Amino acid sequence: MKCILLFDFTNDIIYTKYNKKFALHINEFAKSEGLLPEDHSSSKISANVLVQIFSPIVTSQRIMSCQFGNSYTAIQCEEGINIIFEEYMGYLFLSIGNDDIPSMKRFLSTCVTIVRYICGPNVLELKNNTNKSSLITHLIDCWMNLKSNDQAMFVEAIEQLTVNPELTASTVQGLREAVDKMQYLTDCSKIHGLLLVQNKFLGLYSSQNAKALSSTDTLFSILLSESTKLINAKLEVDEPESEEEFYSPSTTPDNNIRILERESHENFIYSYQILLSGNDYIPKCIPHILHVCPITEGINLLLFIETGNIIVSSNLYDSFLYLHNLQSVQIQRDVETLRPVFESLDISIKKLYDALRKIKSNNIEGTLKQLNKYWELMRKKYQEFIKAQSAEALLRAESMTSGLLDIFKEILKLTAYNEELMKSTQAAANESSKIIMEKLSSFDEFLKVKAMKNFSLGSSLTINKYLEEFPGLVHFIYIDRTNHRVTAPSLGFGTDETLALTKTKIWSMINFSRTHLEEGHLSLIWKDTTFSYAYFVWFEDTSGSPVKPTIFPTHASKPLPQPGILSGDFYQKLKEACFPKMSPNKIRCYELYCVHLGLATAQCVLEHARRIAATIWELKGHPDHPIDLL
């Protein structure tokens, strides 16, 4: 049983996704409560029923959050049902199901991240835009599929396809030529070219001055690239063939997704307007147009065009965030709590106003005047409350917040989305993709086979030679958490039964390790009846020398997010917690998972782990510094 519900400020439902089991459960419960007639037989759920059932708990959650600053994170109910809560920009996301709480938290956090990439801070778009709600549903389904079958997506890291230096150089040169052609044909200067084989990273080239893609941006782009397999050419939102999954119907067409039919056996270019997070500590919503150009089956070229103004988008995101925070704290009617949030909002709006003034556009001019006039009135009322604690002034300011929010949404629409540019650059993307087609024409089949078994314990001569030095080793996963690149053998374990068993064991190992990592344990060794497992996290300085945490995570003052990068870079925050007096950029973080046969001793496991960490560069093609794990 699984469900996602999304509530707006007024406790109205703006998005749902649930399976048949949940629909049956809720409809039976609604009948028992008199909310539905006994003869009701629909396999869908009325939005009114959902609102009546969940409004009390949603209201309770908002009161706990706004008035007491102590919101729920999870509630355990009868029959093993769990409810998970997460809030983003004042919108409340709920996940209801029978899975364990950590898995449901990760699922819901990933859903929030997907919504942020597609909608930015204006989540209400999901209520009215057919294609965006459809796209988010596809992305959630795609993530669930990849998470269940791909170890790189499961550990939230990027697997790089390992090929010889000549092929790597040829790929990067092809990407450079493709990006240069895009610049020439479109007059857009800030462009990235990313080449994926299946869901593995082959190469990236970025033009000068283009804001670097974060690892989270790259991982999301891999997810979006994979999801194109689920989207039909016309983006028609039909009734699902299976009754297992549903999502909210919408009515208004959306112009932020576009497909170009072209003359090749792959037929289509998929184009999106998305909002990337960038490398900043707090994710921003940086407007980009993304063209996904299939080269051959399984090989995609992704072309990112940075649009809009980074200063505008950054301050606009901050303004959305601070306005939401202000709406939350003003309920408490406490001057000392409200003052710093008001000051932060005031600063971000001033920066936003100054940045918008530099943009010469008739469309923005009217909205800019409206922003200035509206905020000046609100600002005076808040200042009046802070100075004299006038309840009437605060009520007046509160009544204007929805109007200010509408202005922010209009600015987002005017500055972040450019449908004409998306349309006009599709032809250029098609021409640029032909360069990559030509470059890869002689070895595209090799790349697809290589992607299936990047490293394999059973077939690759290189990996076999490497593993001769590690008797008893069944599997390992090595992750450089500085750039979130993963090195691991492919899951080729012979028969389907053996693969299913071993994969289940590996996924269970990762979940077990994450649970203990959240509790502050950086080294683990344990056994079951089949295998011996080990997990290590360690740190190095920029010269490659091992460094020990000055504060262990168990004693860290700030709570850490879930391990991973999609819902926030856990490892960046882990470095900050462990080394509070050092810049996180001066610390490197690494992870290593090992699976041995059950007869392997702890001493053998430790020795193998040290040697893998010291010699992994033989597989990756470039050296890393040796470290001492313990």
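Residues numbered from 1 in each chain as written. Predicted model: local features only at pLDDT ≥ 70, side-chain atom pairs only at ≥ 80, totals over all residues. Heavy atoms only, no water.

A few words on the overall build of the chain. When helices and strands are tallied, the chain shows 19 helices and 19 strands. Classification of the 630 residues of the chain by burial places 54% in the buried group. Across the chain, every contact between residues at least 6 apart in sequence was considered, and the portion connecting residues at least 24 apart equals 67%. With an accessible surface of roughly 28,000 Å², the chain has 51% of that area assigned to carbon and sulfur atoms. (Helix = DSSP H or I, 4+ residues; strand = E, 2+ residues; numbered from the N terminus. Buried < 20%, exposed > 50% of the residue type's maximum accessible area, 1.4 Å probe, protein only. Contact = heavy atoms within 4.5 Å. Areas by Shrake-Rupley, 256 points an atom, 1.4 Å probe, with all protein chains shown as cover.)

The subject of this paragraph is the packing of aromatic side chains. On inspection of all chains with the given rule, the structure shows 19 aromatic pairs. Considering the side-chain rings of Phe-570 and Tyr-571, the 5.1 Å spacing of their centres and the 85° angle between planes classify their relative orientation as edge-to-face. Take Phe-570: its relative accessible area is 0%, and that puts it in the buried class. What links up through ring pairs into an aromatic cluster is the set Phe-512, Trp-526, Phe-531 and Tyr-533. The ring centre of Trp-507 lies 5.7 Å from the NZ or CZ of Lys-503, which sits over that ring. (Phe/Tyr/Trp six-rings, centres within 6.5 Å; stacked < 30°, edge-to-face > 60°. Lys NZ or Arg CZ within 6 Å of the ring centre and 35° of its normal.)

Tracing the chain through its elements places Met-378 in helix α11 (residues 362–388). Given the relative accessible area of 0%, Met-378 is considered buried.

It is worth spelling out the side chain of Glu-398 at this point. Position of Glu-398 relative to the elements: it lies in helix α12 (residues 391–416). A relative accessible area of 18% means that Glu-398 is categorised as buried. A polar contact of 2.8 Å, which involves the side chain of Glu-398, links it to the side chain of Arg-333. Contact partners of Glu-398, with chain neighbours within four places excluded, come to Gln-330, Arg-333 and Tyr-382. (Polar contact = N/O pair within 3.5 Å; in protein donor to acceptor, adjacent residues only side chain to side chain.)

This next bit is on the pairing of strand β14 (residues 473–480). The element β14 is extensively covered by neighbouring structure, given that eight of its eight residues are classed as buried. Both β14 and strand β19 (residues 587–597) contribute to a ladder of seven bridges, which runs antiparallel. From the neighbouring strand, Phe-476 faces β19, where its bridge partner is Cys-594. Across three bridges, β14 lies against strand β15 (residues 485–487) in antiparallel orientation. (Pairing = 2+ DSSP bridges.)

Moving on: the packing of helix α10 (residues 335–357) against α12. Running from N to C, α10 and α12 point in directions that differ by 35°, and their axes come no closer than 14 Å. Judged by the twist between their axes, the crossing of α10 over α12 is left-handed. Contacts between α10 and α12 involve Leu-338, Ile-349, Leu-352 and Leu-356 on the former and, on the latter, Leu-394, Leu-404, Phe-408, Ile-411 and Thr-415. Among the residues forming the contact of α10 with α12, the class breakdown is eight nonpolar, one polar and no charged. (Axes fitted to C-alpha atoms, helices over the stretch in contact; angles between N-to-C directions. Left-handed = near helix turned anticlockwise from the far one by under 90°. Nonpolar A, V, L, I, M, F, W, Y, C, P; charged D, E, K, R; others polar.)

If the charged atoms of two oppositely charged side chains come close together, the side chains can form a pair. Counted according to the given criterion, the structure contains 19 salt bridges. Between Lys-439 and Glu-177 there is a salt bridge whose closest N-O contact spans 3.7 Å. Taken together, the residues span a long stretch of sequence, with Lys-439 in helix α13 (residues 419–440) and Glu-177 in helix α7 (residues 165–186) at a distance of 262 residues. Its relative accessible area of 30% is what places Glu-177 among the partly exposed residues. Taking the shortest distance from any N to any O, the salt bridge between Glu-376 and Arg-379 comes out at 4.0 Å. Of this pair, Glu-376 and Arg-379 are both found in helix α11, three residues apart, which corresponds to roughly one turn of the helix. Given a relative accessible area of 30%, Glu-376 falls into the partly exposed group. Judged by its relative accessible area of 18%, Arg-379 is buried. (Salt bridge = Lys/Arg side-chain N within 4 Å of Asp/Glu carboxyl O.)

This next bit is on the nonpolar core. With 88 residues, the main nonpolar core has Phe-93, Val-123, Ile-136, Leu-223, Leu-371 and Phe-408 as its most contacted residues. Counting residues per element, this core draws most heavily on helix α3 (residues 101–119), which supplies 11 residues. Setting aside chain neighbours within four positions, we find Ile-136 in contact with Tyr-15, Ile-114, Val-115, Ile-118, Cys-119 and Leu-126. Counting 32 residues, the second-largest nonpolar core is a separate cluster that includes Phe-154, Ile-477, Met-509 and Phe-579. (Core = buried A, V, L, I, M, F, W, Y, C linked by side-chain atoms within 4.5 Å.)

Within the fold, Val-547 resides in strand β18 (residues 546–547). As for Val-547 and Arg-588, which are separated by 41 residues in sequence, their C-alpha atoms are 9.4 Å apart. Beyond its immediate stretch of four places on either side in the chain, Val-547 contacts Phe-539, Glu-540, Asp-541, Phe-579 and Ile-587.

Attention shifts here to α11. Across its 27 residues, α11 extends 40 Å between first and last C-alpha, which sits within 8% of the 39 Å expected from 1.5 Å per residue. Taken residue by residue, α11 has Ile-364, Thr-367, Leu-368, Leu-371, Trp-375, Met-378, Arg-379, Tyr-382, Phe-385 and Ile-386 as its buried positions. Of the surrounding secondary structure, the elements contacted by the buried residues of α11 are α9 (310–329), α10 and α12. Of the residues flanking the end of α11, it is Gln-389, one or two places downstream, whose phi is positive at about 55°. (Expected span 1.5 Å × (residues − 1).)

On to unusual backbone geometry, then. Peptide bonds are trans in most cases, and residues, glycine excluded, mostly fall at negative phi. For Glu-79, which is not a glycine, the phi torsion comes out positive at approximately 60°. Along the chain, Glu-79 falls in the loop between β3 (74–76) and β4 (82–88). Phi angles above zero are rare outside glycine, and Gln-389 is one such case at about 55°. Along the chain, Gln-389 turns up in the loop between α11 and α12.

Moving on: the confidence of the model for the chain. Averaged over all residues, the pLDDT of the chain is 86; the fraction at 70 or higher stands at 86%. The low-confidence segment residues 456–462 (pLDDT under 50) makes 14 contacts with residues lying over four places distant or belonging to another chain. (pLDDT = per-residue confidence, 0-100.)

Of all six residues in strand β1 (residues 2–7), five are buried, a share of seventy percent or more. Summarising the sheet, β1 and strand β5 (residues 91–97) pair through six bridges and their orientation is antiparallel. Each residue of the ladder has a partner; that of Leu-6, found in β5, is Phe-93. In the sheet, β1 pairs with strand β2 (residues 13–18) via five bridges, with the strands oriented antiparallel. Note on β2: the bridge partner recorded for Leu-6 is Tyr-15.

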